[in-house]
Every structure is written in structure tokens, then in C-alpha cells.
Amino acid sequence: MKPSQHAGDTVSTAIQLVLYGAIALIAAIAASYGHDLAYQVNAVIVVIAAGLAFIWTMRRAPAGTGAPESGYMDDVIRAGVIATTFWGVVGFLAGTYIAFDLAFPALNLELPWTSFGRLRPLHTSAVIFAFGGNALICTSFYVVQRTSAARLWGGNLAWFVFWGYQLVIVLAATGYVFGATQAREYAEPTWYVDIWLTIVWVAYLAVFVGTLVKRREPHIYVANWFFLSFIITIAMLHVVNNLAIPVSILGSQSYSAFAGVQDALVQWWYGHNAVGFFLTAGFLGMMYYFVPKQAERPVYSYKLSIIHFWALIFLYIWAGPHHLHYTALPDWAQVLGMVFSVMLWMPSWGGMINGLMTLQGAWDKLRTDPIIRMMVVSVAFYGMSTFEGPMMSIRAVNSLSHYTDWTIGHVHSGALGWNGMVTFGALYFLVPRLWGTKRLYSLTLVSWHFWLATIGIVLYAASMWVTGIMEGLMWREVDQLGFLVNSFADTVAAKLPMYIVRGTGGVLYLTGALIMVYNLWQTTRGRIRGSEDATVGAVQAA
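Residues numbered from 1 in each chain as written. Predicted model: local features only at pLDDT ≥ 70, side-chain atom pairs only at ≥ 80, totals over all residues. Heavy atoms only, no water.

## Remarks on the overall build of the protein
When helices and strands are counted, the protein shows 19 helices and two strands. In terms of overall size, the protein behaves like a compact globule, its C-alpha atoms giving a radius of gyration of 24 Å where 542 residues would be expected to give roughly 24 Å. Taken along the three principal axes of its C-alpha coordinates, the protein extends 90 × 65 × 45 Å. The contacts of the protein with a sequence gap of at least 6 include a subset with a gap of at least 24, amounting to 82%. Just so you have it, the protein exposes about 23,600 Å², and 72% of that area is on carbon and sulfur atoms. For the protein, the separation between the mean place of its 28 positive charges and that of its 24 negative charges on side chains is 14 Å. (Helix = DSSP H or I, 4+ residues; strand = E, 2+ residues; numbered from the N terminus. Rg over C-alpha atoms; globule rule 2.2 N^0.38 Å. Contact = heavy atoms within 4.5 Å. Areas by Shrake-Rupley, 256 points an atom, 1.4 Å probe, with all protein chains shown as cover. Lys, Arg positive; Asp, Glu negative; His and termini not counted. Charge placed at Lys NZ, Arg CZ, Asp CG, Glu CD.)

Here it is in C-alpha cells:
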């Protein structure tokens, strides 16, 4: 190392140590004078995080802080794979628990921390932002390096993104359990967590764009367009939707910058596009890379992928008002959201067709390769969800489906079927390559995971479709005098059998995820299941 470089590293280390020390001190003061328990717990977590960062920086200071500049930066991707797997199990476990909680309310345990109202945002955030978010970050880092023939830009900035995002997850989750929430769908974290997430997300954007700028490939592969649109749009949505004025800098409560119907419109402009860009565009970036790689076939139509991209990002941004049918929102805005939602069906199915037709000439792999089978089922669920969503946005259908479990079934068929399955396929693809093993530990266990997850999704979604439509019909049933026939309690009692079926589906899905954890763990240790035929194992050879 050159003397000038060593001096620069020393100064950088000193600045980091001062920064971590200052953060720990400020957070300790906040923990002492905080106005509510959730704020104090979050402040203590920040103290611990800053202290650990301080110690880690001190321990590695003699070796210098600069990341090596040769080869791909895969260490942070490996950490992302581990975090994705861990948070996935946490999210699925929380979801299964609260599913049974609705069937058996005694599972609330008469404690505020285990009530459905607090565990529900914990579950949604764990699955969407912890499991899904880590999957998107680590796969985007993998894809952008391989398709750009360039190392991640920014040196250790990628590690800042990874650990900063984990801190967001922990702060948000503990806040929910201790009662701190903005009560905004998919945007529950409190104001100070939102500020920290903004800083982390800007760093994420910088790493991704910086890598594209220094690419050695002249062409930007289509998956990177989807990843880039997801990163940029989520940043815009997050900032606008979370504009708020804190009641105090020593408390978690805040007031939204918007009010009334404007607040509702901003929330669902954010909420639906969080689905559209976080859970759709980002995961389409995964689809456009991992499906062709696993199938060993090029994308069926590159031209269709470009049309899919531009049509999707233009139409999706206008669809949010369909969440506000029959409200104080002006009729023209409701109709606008409905029309653009129906139009979304066309580019969405264009993407589904492109993904499925990528297997042209390789359909036999569905018999021998459970990973590609998992990816194909995920694309099929994407097509089903993106047909069901536009249909449910039509006002006549929405009058029956809104506020019922039909919506819950729709969301979970997309989240578990599309997002979950394509992520599982990506993890099975990545682990042997990132850990340098010949193949996965067991393809038989992948098949078990596939069938358990698929059956679990079908049980979950089908039970919610049945109970949701029943619920909607019971709410609108009237007698000869025009009075409602059923009370709300009647609908709750009628849904009990389907709630048990839903919980059973969740158990199957969680069991499949636990099998995946075992399979991936054994793979990282370089083991191969001896009882499997060697010719079957060759399917997953690197």
C-alpha cells in the first residue's frame, strides 16, 4: 500500500470512528429522554448498532479500510442471500401465527405485543421489505455486475447499504411490537426510520448507477432497466408519502403533511405503486435474468421485454385510485385509476408470455429441474395476479370484493406465488455459484419445497377467494323490508373453516421454506446428498 493511500485510509477510519461515537452518544441521550417506549427501544438499538460499527472499524483499521478493487464484489451478495433466507422464515412464521390468531383469538395471549394489530404490520414488512427487499438488493448487485462486467461502484458503500437496510428492518419491527406506527399501509415505520431509509436508499441508487456508468459492456441488459426503475420510483414514492411533521424529536409520533382525501390519495398512490415497482418491476428484473440463465436459453423476445418495460412503468403509476372506489375521491379520479388498471393487464401478460416462452425448446427441463419448475410457476402466478388485479379494480367487481378476504387472497397469491417462488428459484441458483460448490445439496428437497409451497399457496388463496366472496355477498344480503340480514359477527363465524384452511396453507409454505434453509446450509458446506442419482445432480452443475 502506498504511503498516501495508507494516510487516506487512516483519516477515513478516524472520521468513521468519530461519526459512530457521535451517533452512539446522541442515541443514548435520546433513549434517556424519549417520550415513548418504542422510541426509547429504537434509540437503544441505534446505540448498539453504532457501538458494533465502532468496534468493527477499530478491529480492521490496521489492515486499511479500502475494499479490494479486483473481481466481483460477492461477499455482500452472500450476506444478502443469508439475510433474505432468515427474514423469509421470520416473515412466514409471523404470517402463519396471525393467520391462526384470526381463527383462534386466544393466540393474542392477552398481551399488547402479541396482538394481531401489532403483529400484522410486522408480518407484512418482514415479507415484503425484509425478505423481498433483501432479495432485490442482493440479486440486483449480482445481476448488475455480471451484465456490466464491472465491480460494484463505491467500494464499501455496498456494505453500508446492506447493514443500513438491516437496521431499518430491526427498527421498524421493534417499533411495531412496541406500538409505534404511522398507520399507513406498507409505510408503517416512524418518521426517523423513514429518514434513515432514505439515506440508505440513496446510497443503493448510487452503487447501482455507478456500476452501470463504469460498465464494460456497451449495452444495458433489460433486467437492469427494471431494477433501476424500481430503485428510482420507490425513492420518489417513499419521500412524498412519508412527508410528515414530528410531534417531538424525542418521540415517535408525527402528523402527515397531507389531510383528508388528499392524504388517502397520496397513500394509495404510494401503496399501489409499492406493489407495482417494489413487488413487480424489481422482481421482473430477477425474472429476466434468472429464468434465461436457469433455462440456458436467451430471452424469448428482447423487443417484447422493452415494450413490457415502458408500458408497465407508464401505466402503473396511475392505477392507485382504484383502492378508493366509492369514497370521497372525485369520480373522475376513481375512473382514471380503474381504466389504467385494466390497461395494465396487457403489458403484464406480455411479460408473462415472454418469461414462459423463454423455455421454448427447453420444456423438457420442467421434468428434470425443480428450480426451473419453481420459476415457471412463479411467472404463471404473476400472470394470474395481474389478471385478477385489473378485474378487481372494476367498480362493479370492487363493490363486492373491497374490504373482504378476496383482496387478501389476491395479495398473497401474488406475494407467495410470484414474489416468493421466483426468489426461491434465484436463491437456489445463486448459492452454489456464490459458495463455489458443484451443485445444490439435494434436488429432491427442492422438489419437496416446490410442492409444499405450491399446495400451500393454493390452499391459502382458494380459501380466501371462497370466504371473501361469501363475505361480500353476506354483507349485501337484505330482507324484504330492505334491512341487512347478517351482522358482522355472522360473517366472522361463517369464515372460521376457511381461516383454518388458510393457516394450514401457511404451515405448508413455512415448512417448504425451512426445507430450503436446510438445503442451502448443506450446500454452503459443500455437501451432496449421497442417495441422489448423479445424473440428476448434473442438472444443477455450475
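## Regarding the nonpolar core
Within the largest apolar cluster, 117 residues are counted, with the highest numbers of intra-cluster contacts made by Phe141, Phe230, Phe278 and Phe290. Looking at this core element by element, the count peaks at 15 residues for helix H8 (residues 260-295). Ignoring sequence-local partners within four residues, the contact set of Phe290 consists of Thr139, Tyr142, Val143, Met375, Ala426, Phe429 and Leu430. (Core = buried A, V, L, I, M, F, W, Y, C linked by side-chain atoms within 4.5 Å. Buried < 20%, exposed > 50% of the residue type's maximum accessible area, 1.4 Å probe, protein only.)

## Focus: the packing of aromatic side chains
Scanning the entire structure with this criterion turns up 39 aromatic pairs. When the centroid spacing of 5.6 Å and the interplanar angle of 85° are considered together, the rings of Phe141 and Tyr204 count as edge-to-face. With a gap of 63 residues between them, Phe141 in helix H4 (residues 116-148) and Tyr204 in helix H6 (residues 191-213) connect regions that are remote in the sequence. For the pair shown, Phe141 and Tyr204 are each scored as buried. Here Trp349 and Phe387 contribute two aromatic rings whose centre-to-centre distance is 6.1 Å and whose plane-to-plane angle is 50°, an arrangement assigned as tilted. Linking Trp349 in helix H11 (residues 345-357) with Phe387 in helix H13 (residues 370-393), this pair joins segments that are 38 residues apart in sequence. (Phe/Tyr/Trp six-rings, centres within 6.5 Å; stacked < 30°, edge-to-face > 60°.)

## Regarding unusual backbone geometry
Phi is positive for Leu109, close to 65°, though the residue is something other than glycine. Along the chain, Leu109 turns up in the loop between helix H3 (75-103) and H4. We note that Tyr326 has phi near 60°; this positive angle belongs to a residue other than glycine.

## A look at the confidence of the model for the protein
Here the protein shows a mean pLDDT of 92. Residues at 70 or above account for 94%. Highest mean pLDDT in the protein belongs to H6 (97); lowest belongs to helix H19 (residues 534-537) (49). Counted against residues more than four places away or in other chains, residues 537-542, with its pLDDT under 50, gives 20 contacts. (pLDDT = per-residue confidence, 0-100.)

## Here's the deal with the side chain of His308
Here His308 is to be found in helix H9 (residues 302-316). At 3.5 Å, the side chain of His308 forms a polar contact with the side chain of Tyr382. In contact with His308, other than residues within four places in its own chain, are Phe226, Leu284, Tyr288, Pro347, Ser348, Gly351 and Tyr382. (Polar contact = N/O pair within 3.5 Å; in protein donor to acceptor, adjacent residues only side chain to side chain.)

## Observations regarding the environment of Thr523
Note that Thr523 resides in helix H18 (residues 496-524). Along the backbone, Thr523 and Ala380 are 143 residues apart, and their C-alpha atoms lie at a distance of 28 Å. Filtering out sequence-adjacent residues up to four positions away, Thr523 remains in contact with Val431, Pro432, Thr437, Arg439, Leu440 and Tyr441.

## Comments concerning the packing of H4 against H8
Interhelical geometry of H4 versus H8 gives an angle of 40° and a closest axis separation of 10 Å. Compared by their axis directions, H4 and H8 come out oblique. Viewed along their axes, H4 and H8 form a crossing whose handedness is left-handed. Contact residues: H4 offers Ile128, Phe129, Gly132, Gly133, Leu136, Thr139, Tyr142, Val143, Arg146 and Thr147, while H8 offers Tyr270, Phe278, Leu279, Gly282, Phe283, Met286, Tyr289 and Phe290. Along the lines of polarity and charge, the residues of the contact of H4 with H8 split into 12 nonpolar, five polar and one charged. (Axes fitted to C-alpha atoms, helices over the stretch in contact; angles between N-to-C directions. Parallel < 35°, antiparallel > 145°, perpendicular 65-115°, else oblique. Left-handed = near helix turned anticlockwise from the far one by under 90°. Nonpolar A, V, L, I, M, F, W, Y, C, P; charged D, E, K, R; others polar.)

## A few points about the environment of Leu496
Of note, Leu496 is situated in helix H18. For Leu496 and Thr467, which are 29 residues apart along the polypeptide, the C-alpha to C-alpha distance reads 9.0 Å.

## Observations regarding the packing of H11 against H13
At a minimum axis separation of 9 Å, H11 and H13 run at an interaxial angle of 170°. What the angle tells us is that H11 and H13 run roughly antiparallel. The segment H11 lies against H13, with Trp345, Ser348, Trp349, Gly351, Met352, Gly355 and Leu356 engaging Val376, Val379, Tyr382, Gly383, Thr386, Phe387 and Pro390. In terms of residue class, the contact of H11 with H13 is built from nine nonpolar, five polar and no charged.

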